[in-house]
Amino acid sequence: LVAAFCPQGVAKAGAMAVPEKEALRCLWHTQFTKAQQADSWGQFHEAQEGYLAVASQIAAKQALPSITSKEKDSMHRLSLCLSARAEALKTFKETVTSVDMKNLDPVFQTLFTGSEPETFPIDPSKYQHAAPVIPNSGGEIVCGEVEELTDWQQQQAVLRNVTGTVVSLRIEKIGLKDAQDYIDPFMTVLVADGRTNLLDSHDTPIAKERRATHVIFEHQVYLNISLEDMRNQGAALFFEFKHYKPKKKKISTRCWAFMELDELKCDEEIVLEIYHKPTDLKKKKINLHSEKPLYLHMTATFVHS
């Protein structure tokens, strides 16, 4: 039913998005068009609610595994523009205008098709200070405190604090012959320079699932240091697989992996060898953890702040 509202002839042959993304594009474009029409007719309350509803839905879907770096960047900008226009309608301070909203139509029409405009049609100075909405897949605007930061909120926090290219790592899974034996397993992501100084550190939530030979994470980590700064400091990325040992009542590192920056490719699966502990930030003492073909799997996306 959603696809019935979709403008025809937008996606190029071979560039059609996966069905879920295509349905979202059509739905968001329809909702945006309705809000933009209300805006142009002076129905400001209806326009404000419509813009915020679309913005919150976009925010809720930006962590889908199939979202590419360019698509994530477009979604980030669209959501902030919609939020900025909604705020302008509330305060009557037109930093983002109704005309600006009309200029977003081609972005909505081509989102997820591979035919997105090369240059975003609204200048960042107009929306970069807009308050991001709290994501909600149903389109309702959620207000008040939330216990845990959503993926969208983590991204927005990093984008406010990091200048340059923000790197997001989606830790998919790690292959281990005894994967089902580990209690509360999680990953620690480290960024260290050539002198082994730590530049950033993150712990993922506990793994979602333990299968016969894989621990499944599917968790997103946003680095608090830009790609450019990592390159300037000759940094590398390290990944420690940790678990809880009840007898010793402590968290222990089982194995680790590392990645040089030239291996950090956006929108491609990254597969890393796994090594015996302890973690060596100098990358000198490296011994394979297993002879079996088991690896650490992840995907990176880049968003420009």
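Residues numbered from 1 in each chain as written. Predicted model: local features only at pLDDT ≥ 70, side-chain atom pairs only at ≥ 80, totals over all residues. Heavy atoms only, no water.

### What about the overall build of the protein chain?
Link 1 in the chain: Of regular secondary structure, the protein chain possesses seven helices and ten strands.
Link 2 in the chain: C-alpha extents for the protein chain along the principal axes are approximately 65 × 40 × 40 Å.
Link 3 in the chain: For the protein chain, the residues scored as buried account for 49% of the 305 residues in total.
Link 4 in the chain: Taking contacts inside the protein chain between residues at least 6 apart in sequence as the whole, the part at least 24 apart equals 69%.
Link 5 in the chain: Looking at the protein chain as shown, the accessible area adds up to about 15700 Å², and 50% of this sits on carbon and sulfur atoms. (Helix = DSSP H or I, 4+ residues; strand = E, 2+ residues; numbered from the N terminus. Buried < 20%, exposed > 50% of the residue type's maximum accessible area, 1.4 Å probe, protein only. Contact = heavy atoms within 4.5 Å. Areas by Shrake-Rupley, 256 points an atom, 1.4 Å probe, with all protein chains shown as cover.)

### Some details on the confidence of the model for the protein chain
Link 1 in the chain: Confidence in the prediction of the protein chain, expressed as mean pLDDT, is 88, and 90% of residues score 70 or more.
Link 2 in the chain: Considering only residues more than four positions removed or in separate chains, one finds that residues 1-17, a stretch of pLDDT under 50, has 22 contacts.
Link 3 in the chain: Note on residues 139-147: pLDDT under 50 across the span, and eleven contacts to partners over four residues away in sequence or across chains. (pLDDT = per-residue confidence, 0-100.)

### Structural notes on a nonpolar patch on the surface
Link 1 in the chain: Together, Ile 183, Tyr 244 and Ile 251 make up a nonpolar patch on the protein surface, roughly 250 Å² of accessible area in all.
Link 2 in the chain: Looking at where Ile 251 falls in the secondary structure, it is placed in strand S7 (residues 250-260). (Patch = residues over 30% accessible without salt bridge, like charges linked within 9 Å, V, L, I, M, F, W, Y side chains within 5 Å. Salt bridge = Lys/Arg side-chain N within 4 Å of Asp/Glu carboxyl O.)

### Topic: the pairing of strand S6 (residues 236-245)
Link 1 in the chain: Most of S6 sits inside the fold, with eight of its ten residues counted as buried.
Link 2 in the chain: Here strand S2 (residues 183-192) pairs with S6 via eight bridges, running antiparallel. By the bridge assignment, Val 189 is partnered in S6 with Phe 239.
Link 3 in the chain: As paired strands, S6 and S7 are joined by ten bridges and run antiparallel to one another. The residue bridging Lys 245 from the neighbouring strand is Lys 250, located in S7.
Link 4 in the chain: Hairpin connection of S6 to S7: four residues between the antiparallel strands, including Lys 249 at a positive phi of 55°. (Pairing = 2+ DSSP bridges.)

### Focus on the packing of helix H2 (residues 44-61) against helix H3 (residues 69-91)
Link 1 in the chain: Axis separation between H2 and H3 bottoms out at 8 Å; the angle between their running directions is 155°. The pairing of H2 with H3 is recorded here as roughly antiparallel in orientation. Here H2 runs over H3; the crossing is left-handed. Counted together, Phe 44, Ala 47, Gln 48, Tyr 51, Leu 52, Val 54, Ala 55, Ile 58, Ala 59 and Lys 61 of H2 and Met 75, Leu 78, Ser 79, Leu 82, Ser 83, Arg 85, Ala 86, Leu 89 and Lys 90 of H3 form the full contact between these two elements.
Link 2 in the chain: The class makeup of the residues in the contact of H2 with H3 is 13 nonpolar, three polar and three charged. (Axes fitted to C-alpha atoms, helices over the stretch in contact; angles between N-to-C directions. Parallel < 35°, antiparallel > 145°, perpendicular 65-115°, else oblique. Left-handed = near helix turned anticlockwise from the far one by under 90°. Nonpolar A, V, L, I, M, F, W, Y, C, P; charged D, E, K, R; others polar.)

### A look at the sheet that holds strand S8 (residues 269-272)
Link 1 in the chain: Strand order in the open sheet formed by five strands is S4-S5-S1-S10-S8, and the pairing between neighbours is antiparallel. In the strand order of this sheet, the two ends are held by strand S4 (209-210) and S8, each with one partner.
Link 2 in the chain: Where S4 and strand S5 (residues 214-222) come together, two bridges link them in antiparallel fashion. The residue of S5 that forms the bridge with Glu 209 is Ile 216.
Link 3 in the chain: In the packing of H3 onto the sheet, the strands contacted are strand S1 (165-175), S5 and strand S10 (296-304), and the crossing angle to S10 comes to about 45°.

### With respect to the nonpolar core
Link 1 in the chain: In terms of nonpolar packing, the biggest core is built from 35 residues, with Trp 28, Tyr 51, Leu 82, Met 101, Leu 104 and Phe 108 touching the most fellow members.
Link 2 in the chain: Mapped by element, the contributors of at least two residues to this core are helix H1 (19-40), H2, H3 and helix H5 (105-110).
Link 3 in the chain: Broken down by element, this core gets its largest block of residues, eight residues, from H3.
Link 4 in the chain: Phe 108 has contacts with Arg 25, Trp 28, His 29, Phe 32, Val 54, Ile 58, Leu 78 and Leu 82, leaving out every residue within four places of it along the chain.
Link 5 in the chain: Counting residues in hydrophobic clusters, the runner-up holds 34 residues, among them Phe 217, Ile 225, Met 230 and Met 298. (Core = buried A, V, L, I, M, F, W, Y, C linked by side-chain atoms within 4.5 Å.)

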